[in-house]
Amino acid sequence: MPGADTAGDALPPFKTLPFKGPDIEVRRGEGGTVYLSSRAELPPGPQSIPHLLDDKAAEHPDRPWLKQREPGHGDWLRVTYGEAVKLTRNMAQSLLDLGLDPDAPLMILSGNSIEHALVSIAAQRIGAPATPISPAYSLMSSDFEKLKHCFGAIRPKAIFVQAVEPFQKALDQLPLDGVAVISMNGDAGSISMETLASAPAGEAVDAAMAKLGPASVGKYLFTSGSTGLPKPTPQTQGAMCAQIAGYRALDAWDAIEDPGVIQVLDWMPWSHISGGNVNFNRTIEFGGTFHIDEGKPMPGAFDTTIANLRDVRPQYFGSAPIAFGMLANAMEADETLRGAVFSRLLYLVYGGATLSDDLYDRIQALAIASTGKRIPLLTMYGATETQAVTMTHWLIERVGMIGLPLPGLTLKLAPVGEKLEVRIKGPTVMTGYLDLPKKNAEVFDEEGFYCLGDAARFEDPDHPEKGVVFDGRVTEDFKLDSGTWVSVGTLRPAVVAACAPLVFDAVICGQDKPYIGALVWPSPAAVKAEAEAAGGDMAKAIASLSQKMDGKLQAFNARQGGSSRRIQKFRVLTTPPSLDAGEITDKGYVNQRRAQEVRADEVAALFD
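A. The side chain of Thr384, seen in detail. Here Thr384 is to be found in the loop between β16 (377-383) and β17 (387-391). Ignoring any residue separated from it by four or fewer positions in sequence, one finds Thr384 in contact with Leu221, Phe222, Thr223, Thr233, Gln235 and Ile273.

Structure (C-alpha cells):
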C-alpha cells in the first residue's frame, strides 16, 4: 500500500477532507454495460457566471478576486470583486457598441491575465461567447493553420491580446476587416482596456444579462486537436453552472475549522477546461482569491511557482504529476518551503497522468514531517465537451483512480473490444460542436451519451461503486502479431516514469509486430547535462543517454509479466514533436498515431 512504513507502525491520519463521500447507484445493462450515478441531490446553481460574480461582489466587494505579479516578479497587482463588477459592466457596454452579441464572439489570443479575465466576463455579460485560443497557435506555429481555422469557425467581432507586438505576425494572417483589436495599453492602434472601461454601462447591458439562461453560450473552447483540427465546443452557462452545482452537492467545508478566504494559485491555461472552467469558476463560487501563477512545471519556470507557493500558501493546489515531483525535490531541500506549503494545505489535486507510488510516498513523508498528518491526494477527469466528469472526493490510500461521477451525471462504461469505453450524460455535457453536424452524429451513442474515446476499468469489478481506474485510449491500443493487446495509455506513462528523469515522452509502437518498440524524446535537462559532460559533443551525449535509458528499460522489463508490457527496442529522437504537424497538442499531449505517421522511417527502423 502506498505510504505504508516498514516498521509496521500505524500511519498517521489524513487531514480532514472538505468533501462528502460517495453514494453511488450501480445499474448493469445488457452486454456488460455498467451505469454509475450519484444519489446526491443536485442543488440549484447560479443563473450564469456573471450573475455569480455579482452575487459574491455584493457579499464582499473589497475582497481581492484576482492577483497577478507585476512584470519582473514584483508586487501583486489586484482587482477586487466590487471593482471587477464595475469594470466588466462598463466593458460590456463598449463591446455592445462594437457589435458583439451571441452571434459575434470575442476571441482571446493571450494567456492568463487580469485583463483576460475581465474582458471574458464582460463578453459573457452580453451573451457574446468569450473564446480563449491557445497562445501556442499564435506564438509557436509557423503556418498559423490552427489559428486561422479557429478564427473561421467562430467569426469573431473583436480580438483581445495583452500586447499587440508579440501577436502581430499572427494578426497579420487573419482577415480583420470589421474586427476590433483590443489590448491592455492600446498599442499599435488597438483599443486600450482603459478606453473599453470608460463608457458607463447602460440599460442595454442589464437587458442582455437578464436574457442569460442555461442555453446561453458563455464561451467556446477548442479541443486540443489530438484527433484532427481543433473543434469549437460551446460552453453554455447551464453547463458551467451545473458543474458548480455538482460541487455544491459534495462540499463539506463546514467541517474545516476556520479555513479562511480560499486562496487559489494556478497556472493552467484558460483556453482549456481545467484552468478556464473548473478552477476559474470554482474560485468565484468560493468567493476566493485567484492568484495567476506565471510559473509552469518546466525546468527554470517552476522556480516562479515555488516563490508563489511561499507567498500564497493555498488551501489546495493542483497541477500535473511532473510538478509534484519538482515540488517534492524542492521541499526535501528546503524545510522552510515545506512549512509554507503545508501551512494551510488541505489536499492536492493531480491530473493529466497518473502519480507514481514513489512520488506519493515522498509527498506523504513531507506532509507528516510538517504537520503530523497525511495529505489527501485527489484527481479529477473530464474533457472540453463535458466539464469535469469524475473525481476522487474521498480519502483514499492509493493513486491511479479517476474517481466516481459528480452529482447530476451518469457515467456509462460500455464494452468496446476488450475494453470499457467511458461515456457520459448530464447537464454539464455539450449538446454538440459548433456547425459540425456530421461529427456530432459520431460522438453520441444511441442513448445520447457522449463517447470520450477513453477506456476505464473498475477498481473492484464486483463493486463498481469503489471507483474507476483510467485504462488508456480505446483508439491508441493495438495488438501484437501474437494477438496480444497492448494498452498504450497505461504503458506509455509507465515507461516515461521508469526512465525518469531522462525521458520527456514516448511513442509506443508495434501494431502487428512481434514485439513492442518505443520512440523516446529525451528531457531537455538530461540532454543539457550529457552534452556538458561530453564537452558539447552531441553524438556522445545521445549515446550516453541511450546507454542509461537501456539500463532503466531493462530494469523495467524485468518487473513486467508479459510481452504486452516489455519494450524490446527503442530509439532516441533528436527533433522535438511538431505542433504544426499534429504530433503534439498545445496541452503537450502526444498524438501517438500521428507521431508514428510523421516518423514512419524511425518506426520502421525499430522493427528492422
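B. The arrangement of empty space enclosed by the protein in detail. Overall, the coordinates contain 4 cavities of 30 Å³ or more when judged by the stated rule. Taken together, the elements giving at least two residues each to the lining of the largest cavity come down to α3 (114-125) and α10 (273-286). No other element matches the 3 residues that α3 contributes to the lining of the largest cavity. Classifying every residue of the lining of the largest cavity by side-chain character gives 4 nonpolar, 3 polar and 1 charged. Here the second largest cavity defines a volume of roughly 50 Å³. For the second largest cavity, the lining is made up of 10 residues, of which Ser134, Tyr137, Phe222, Ser271 and His272 are closest to its centre.

C. Representation of the packing of aromatic side chains. Taken as a whole and assessed by the stated rule, the structure comprises 13 aromatic pairs. What links up through ring pairs into an aromatic cluster is the set Phe19, Trp253, Phe286, Tyr316 and Tyr347. Directly above the aromatic system of Tyr433 lies the positively charged group of Lys231, at a separation of 5.6 Å from the ring centroid. When the ring centre of Tyr247 is taken as reference, the NZ or CZ atom of Arg282 above it lies at 4.4 Å.

D. Representation of α10. Look at α10: 18 Å from first C-alpha to last across 14 residues, which is about the 20 Å you get at 1.5 Å a residue. Of all 14 residues making up α10, 13 are buried, and the element is well covered by its neighbours.

E. How the structure looks around the environment of Phe324. Relative to the helices and strands, Phe324 resides in helix α12 (residues 321-333). The class of Phe324 is buried, set by a relative accessible area of 1%. Sequence separation between Phe324 and Val503 is 179 residues, and the spatial gap between their C-alpha atoms is 17 Å. Beyond its immediate stretch of four places on either side in the chain, Phe324 contacts Phe317, Gly318, Ser319, Leu348, Val349, Tyr350, Leu355, Leu359 and Ile363.

Reading guide: rules and limits
Residues numbered from 1 in each chain as written. Predicted model: local features only at pLDDT ≥ 70, side-chain atom pairs only at ≥ 80, totals over all residues. Heavy atoms only, no water. Helix = DSSP H or I, 4+ residues; strand = E, 2+ residues; numbered from the N terminus. Contact = heavy atoms within 4.5 Å. 1 Å grid on protein atoms, 1.4 Å probe; cavity = no way out; pocket = protein on both sides within 12 Å on 5 of 7 lines; lining within 4 Å. Points joined across faces, edges and corners; volume = space filled by probe spheres on them. Nonpolar A, V, L, I, M, F, W, Y, C, P; charged D, E, K, R; others polar. Phe/Tyr/Trp six-rings, centres within 6.5 Å; stacked < 30°, edge-to-face > 60°. Lys NZ or Arg CZ within 6 Å of the ring centre and 35° of its normal. Expected span 1.5 Å × (residues − 1). Buried < 20%, exposed > 50% of the residue type's maximum accessible area, 1.4 Å probe, protein only.

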